[in-house]
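Residues per chain are reported as follows:
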Amino acid sequence: MSATVTAPEAVLLTALRTAQWIGPYEPEVAPAGQRPAYLLRGTFQLQGVDTPVTVCATAHGIYEVYVNGVRVGDQELTPGFSSYRARLAVDSFDVTDLVVTGENVVCLVLSDGWFRGRHGFERRPDGFGTRTAALLAVVADPEAEPLLVTDGTWASRPSHIWRADLMDGQAEDLRDVDPRWFLPGPPGEGWHEVEEVSDDLADDRSRLVPAEGPPVRRIEELEPISLSAPRPGTVVIDVGQEINGWLRLPEIGPAGTHLTITHGECLDASGMVTTDHLRAFNFATGTLLPAGQVDEVISAGRVGGGFEPRHTTHGFRYAQVDGVPDGLDLSGARGVVVHSTIPRTGEFSCSDPRLERLHEVVRWSLRTNACAVPTDCPQRERSGFTGDWQVFVGTAALLADVAAFSQCWLRDLAADQWDDGRVPTVIPNPSGNRPSGVVFEDMSAGSAGWGDAAALVPWELWRAYGDLDALGEQYPAMCRWVEYAAGCAASHRHPDRVAGRPDPAAHERYLWDTGFHFGEWLEPGDVPHPDPTKDHGIVATAFLHRSALVASRTAAILGERWAAAHLADIAEGARTAWQAEYLLPDGHLTEEKQAHYVRALAFELVPAEVRAACAARLVELIEAAGNRLGTGFLATGDLLPVLADTGHADVAYRLLLATGHPSWLGMLDAGATTMWEWWDGIGDDGTVRGSLNHYSKGAVASFLHTHVVGIRLPEDPSRDESGYRHVRIAPVVGGGLTQAASTLGTPLGELRVAWRIAAGHFTLDATLPAETTADIELPDGSRHRVHGGSVVLSCLLPVPIA
């Protein structure tokens, strides 16, 4: 059995030093989405197996390795997705148990993957290059020459997979499979010499790094909850849960049976899968793009010859199988859940099963969007949108161990940051650290709330994991982003402000009111119209303050005193500018939206003397909206904590437990198994819009741990406080709940807090890691400090409660 091994960087690079990049013989390149997966085949002789044998490999594209007909390792979509222009992962596999004395065959299955396949909201191909290629070495003795390297002696041919694209899907003809391809001996016909690949990217060996982030794997299989036949020859399979992955079919019918599998999130009125809501808009042509997610297989009629695609993934709950012959039983189909191996660390329970269900729906949203990188959605764009991870990473850290996963992505962010400090909207970015030439992509780079991921994501990781080296590694990218944003504020003024005030006020040096910004994005009832001329200063200046403050705190932790003071000046200047432009003396804002008030309070932009009035006005806006929330992407995660922390826990619980649209439980009542992109992703009339799997609005799950149960990390932790070295436990009782509990896997060990109410008494049980200090606040106002271990505390429950 082969296994993934971690080899020292020097061993990897030494092993690959004589290997050459090779690509398949490809005299004509097929259109994107119609390109086959290719086989690359090499052989070597072995006199005896007396030392461990390792395969070191990477690719431009995604690959599988077979040694003597056996698939190597249990990873999927290798080498994952990274900023290939700067960082390309090299994996190493122990194949000692697979090699034999005499001839051995190494065969790669290579497809476009992220390197050459379709990617992003415009589904453009060839983002990193126009040629797929592989680099491999087989090593027995690191001090000796490799047993085999990729070079001109290898052979190639198209595989039985006649098209393979991560977005469009995979199609294969199992009648074409020849076992000789993978085994010692004559390999059959149709082989050609490989083509050696030499270009600026392939020739840059400095970008080769040992695989860092958690690998992508098959995590589990889901048994369908129903199969239906809406028309002859068609079976619709419901796996009961939106997943990222694929459908495995153990039975595919007699030879020549041609099955087409369309994957989607919902059904139309006739019971067929529809993907119309996933068709993205092509800004260049003004047309809708096809949704993709279509697999095909032609059966060879062999016993055990099922179908499982491994060179694509899909975001789906339903799979529509067309071309089903009479008598073919598809009840053995399984939904295969595929994502990065991020261990589950956070559990939540309470007396309201709806909130427990909400917690799991948010967890599924994370799982289905953690495939090599944190994606916005697993079906339409599948891109590492910076704003989405910025608002969700703190929640993710409560649900799973995302430290290594996030740190790997942050290295890509730093690699793709432009020379002027701005951050592309998606990371990894196919164009790297420079403009792409695509108008909308280049215009949207550096949007407030999205680019701020450079500062806010590493800060949230510092709070949750306390890794000083990781914080220090990202500090330069933090500073470059803040300097970029501050430079934009200082050098440009919005035309409307120039017209109204020709001479700039002193505070405008820190007022960021120009450039393209997404703004709050997708507030209830809002149909976004990206407009580079719109004044989003109330959002952008707030984020300038927040990121500068976080960068200043980071500099102080790292001992960079001058930088800390400089960044603090920017933060204070942005706060002063924000107050001068948008805050009225009575605590109201000049632009009245719930999101602006939430940000004002969460980012501490308002002075203490008007904080209560500002919070009261937020409540008034909620009540004026019919006791409905009105926030979008950026502020939703802060909404309930802000309300609870300003004395309005009753309003926070009212929103948390609301049903209908817009609300979280309204999504669940409409059948959501993951969070939606739009608040009304499925309308009351059944109309579907946007992605039904976007985790950003799932940031509400933090509130369940931090306020319902009450486990809170310091906002500005020192080296002695971060990573759960110090916590505050302050449950916010309300919503009719009679008990709640949270268990978190922290860097110091398991932390568990549970509380219950009985006969007017409140009782709290807490178990802390030995190195954790907790300041516990009970509902009666009493305070207790506990250093590790277990404690039980109780009090009379004050009335009224939220």
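Details of the structure are given in the entry above.
A quick note: this is a predicted structure, and the numbers were derived from the prediction, not measured.

Draft legend 1. Layout of the pairing of strand β8 (residues 88-94). Within β8, six of the seven residues are buried, which leaves the element mostly enclosed by the surrounding structure. By the bridge criterion, four bridges tie strand β4 (residues 54-60) to β8 in an arrangement that is antiparallel. If you follow C56 over to β8, its bridge partner there is S92. Alignment of β8 against strand β17 (residues 208-210), held across three bridges, turns out to be parallel. Its bridge partner being in β17, L88 is matched across the sheet by L208.

Draft legend 2. Expanded view of the packing of helix α4 (residues 386-399) against helix α17 (residues 701-709). Between α4 and α17, the least distance of the axes is 8 Å, while the angle of their chain directions is 65°. In terms of orientation, α4 and α17 fall into the roughly perpendicular class. In terms of crossing hand, the pair formed by α4 and α17 is left-handed. Within the contact between the two elements, α4 uses G394, T395, L398 and L399 and α17 uses A701, S702, H705 and T706.

Draft legend 3. Molecular detail of the environment of D238. Mapped onto the elements of the fold, D238 is located in strand β20 (residues 234-248). Considering only alpha carbons, one finds D238 and G335, 97 residues apart in sequence, at a separation of 8.9 Å. Those residues within four positions of D238 in sequence are excluded, and the remaining contacts are P224, I225, S226, R317 and Y318. In this structure the side chain of D238 is engaged in a polar contact, spanning 2.7 Å, whose partner is the backbone nitrogen of G240. Here R317 takes part through its side chain, which lies 2.8 Å from a polar atom of the side chain of D238.

Draft legend 4. Summary view of the packing of aromatic side chains. Within the structure shown, the criterion is met by 27 aromatic pairs. A centroid spacing of 5.1 Å and a plane angle of 0° characterise the contact between F81 and W114, whose relative ring orientation is stacked. Of this pair, F81 sits in the loop between β7 (75-76) and β8 while W114 sits in helix α2 (residues 113-116), placing them 33 residues apart in sequence. With a centroid separation of 4.5 Å and an interplanar angle of 15°, the aromatic rings of F392 and Y695 are classed as stacked.

Draft legend 5. Representation of the side chain of T275 within the structure. Note that T275 resides in the loop between β23 (273-274) and β24 (281-282). In contact with T275, other than residues within four places in its own chain, are T262, H263, G264 and A291.

Draft legend 6. Structural view of the environment of V362. Residue placement: V362 occurs in helix α3 (residues 353-367). For the pair V362 and V700, spaced 338 residues apart in sequence, the C-alpha separation works out to 8.6 Å. Apart from residues no more than four positions distant in its own chain, V362 is found in contact with F392, T395, L399, M675, G698 and A701.

Draft legend 7. Representation of the sheet that holds strand β5 (residues 62-67) in the model. Spatially, the six strands line up as an open sheet ordered β6-β5-β9-β3-β12-β15, and their pairing is antiparallel. Every other strand in the sheet has two partners, leaving β6 (70-71) and β15 (192-193) as the edge strands with one partner each. Pairing geometry for strand β3 (residues 38-46) and strand β9 (residues 102-111), over nine bridges, is antiparallel. Each residue of the ladder has a partner; that of G42, found in β9, is V106.

Draft legend 8. Region of interest: unusual backbone geometry. For the peptide bond that leads from I427 to P428, omega is -5°, which places it in the cis range. Look at the link from H661 to P662: it is a cis peptide, with omega at 0°. For P662, the position within the fold is in the loop between α15 (649-656) and α16 (664-669). Even without glycine at this site, L77 takes up a positive phi of about 60°. Considering the arrangement of structural elements, one finds L77 in the loop between β7 and β8.

Draft legend 9. Spatial organisation of α17. Burial analysis of α17 places nine of its nine residues in the buried class, which makes it a mostly covered element. Those residues of α17 not exposed but buried are A701, S702, F703, L704, H705, T706, H707, V708 and V709. Positioned one or two residues after α17, G710 has a phi angle of 105°, which is positive.

Calculation rules
Residues numbered from 1 in each chain as written. Predicted model: local features only at pLDDT ≥ 70, side-chain atom pairs only at ≥ 80, totals over all residues. Heavy atoms only, no water. Buried < 20%, exposed > 50% of the residue type's maximum accessible area, 1.4 Å probe, protein only. Helix = DSSP H or I, 4+ residues; strand = E, 2+ residues; numbered from the N terminus. Pairing = 2+ DSSP bridges. Axes fitted to C-alpha atoms, helices over the stretch in contact; angles between N-to-C directions. Parallel < 35°, antiparallel > 145°, perpendicular 65-115°, else oblique. Left-handed = near helix turned anticlockwise from the far one by under 90°. Contact = heavy atoms within 4.5 Å. Polar contact = N/O pair within 3.5 Å; in protein donor to acceptor, adjacent residues only side chain to side chain. Phe/Tyr/Trp six-rings, centres within 6.5 Å; stacked < 30°, edge-to-face > 60°.

Worth remembering: the numbers are spatial, not functional.
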